[in-house]
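The primary structure of each chain is shown beneath.
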Amino acid sequence: MDLFENIQPNKLEIDKEVYFLSGYALTNEKALMIDLQEILSQAPLRRMMTKMGFYTSATMTNCGQLGWISDSKGYRYDALDPQTLKAWPKMPVSFFQLAQHAALEAGFGDFEPDACLINQYKVGASMGLHLDKNELDFTQPIVSVSLGISAIFQLGGLSRSDKPIKIPLTHGDIVVWGGESRLKYHGIMPLKPNNHAVLGPYRYNFTFRKAG
Ligand code: MD6
Ligand code: FE
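Below, the structure is looked at part by part. Source: prediction; values computed, not measured.

Criteria and cut-off values
Residues numbered from 1 in each chain as written. Chains lettered and ligands numbered in written order. Predicted model: local features only at pLDDT ≥ 70, side-chain atom pairs only at ≥ 80, totals over all residues. Heavy atoms only, no water. Helix = DSSP H or I, 4+ residues; strand = E, 2+ residues; numbered from the N terminus. Rg over C-alpha atoms; globule rule 2.2 N^0.38 Å. Buried < 20%, exposed > 50% of the residue type's maximum accessible area, 1.4 Å probe, protein only. Contact = heavy atoms within 4.5 Å. Areas by Shrake-Rupley, 256 points an atom, 1.4 Å probe, with all protein chains shown as cover. Near = heavy atom within 4 Å. Polar contact = N/O pair within 3.5 Å; in protein donor to acceptor, adjacent residues only side chain to side chain. 1 Å grid on protein atoms, 1.4 Å probe; cavity = no way out; pocket = protein on both sides within 12 Å on 5 of 7 lines; lining within 4 Å. Sits in = over half its atoms within 2 Å of the grid points. Nonpolar A, V, L, I, M, F, W, Y, C, P; charged D, E, K, R; others polar.

1. A look at the overall build of the chain
- Counting its regular elements, the chain contains two helices and 13 strands.
- Relative to its length of 212 residues, the chain is compact, with a C-alpha radius of gyration of 16 Å against a globular reference of 17 Å.
- Expressed as lengths along the three principal axes of its C-alpha atoms, the size of the chain is roughly 45 × 40 × 35 Å.
- Here the chain holds 212 residues, and 50% of them are scored as buried.
- A fraction of 72% describes how many contacts in the chain between residues 6 or more apart in sequence connect residues 24 or more apart.
- Of the roughly 10,400 Å² that the chain leaves accessible, carbon and sulfur atoms contribute 55%.

This is the structure in structure tokens:
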């Protein structure tokens, strides 16, 4: 059975090749939440240090063949979790299928994610404007899934000084972007106090990429 067969997503193109799929992750919400808990038990969330010596405000972990890590040497993808020295947990089927279907809805038909970065934000946590440029192939999109409490996503332009637009993201929303917008600046504004019935006072974001 294909869970996604009869779903007509509420789809909005918010910028060139940036698609907002409202509530799309709710199609398989339960499986996502159960699989998330399993990943967190195998590869605990942790803050990562940047090259500049600051800790990230969100805590992070990964699943899939490759995981995004940062330490005093800088950012990169690695097949091993530096904390457990084991491979990252396998990407659950629920995650992989959701990412592939979302990419397809946005016109990216051959997305094969091998990396999923999981960020957990508590109230007040944020992510500064940045680019995602550690991947090898920029023709592949990024699929970004939001769960838990709401946040405001800032989407800027190709230059850091371009004024960002603000996009509210809530439980179940997905943003898919690629093409012309793949290298745009973006970030998350400090989270407002809130509580999600199942996930508590946290936001989780999964970003799926083809990293290798
Ligand atoms: C977040 N997201 O939503 C942070 N990066 O918590 C990202 O940094 C991001 O949502 C690349 C593509 C989509 C994203
Ligand atoms: Fe990013």
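Continuing now.
2. Some thoughts on the site of ligand 1
- The environment of ligand 1 is formed by 13 residues, the closest being Tyr 121, Ser 144, Trp 177, His 186 and Arg 203.
- Separating an oxygen atom of ligand 1 from a side-chain N or O atom of Tyr 121 is a distance of 2.5 Å.
- For ligand 1, a nitrogen atom lies 3.2 Å from a polar atom in the side chain of Asp 132.
- If you map ligand 1 onto the pockets, it falls in the largest pocket.
- A per-element tally of the shell around ligand 1 places strand 13 (residues 202-209) first, with three residues.
- When its residues are assigned to classes, the shell around ligand 1 shows six nonpolar, five polar and two charged.

Keep in mind these values describe shape, not function.
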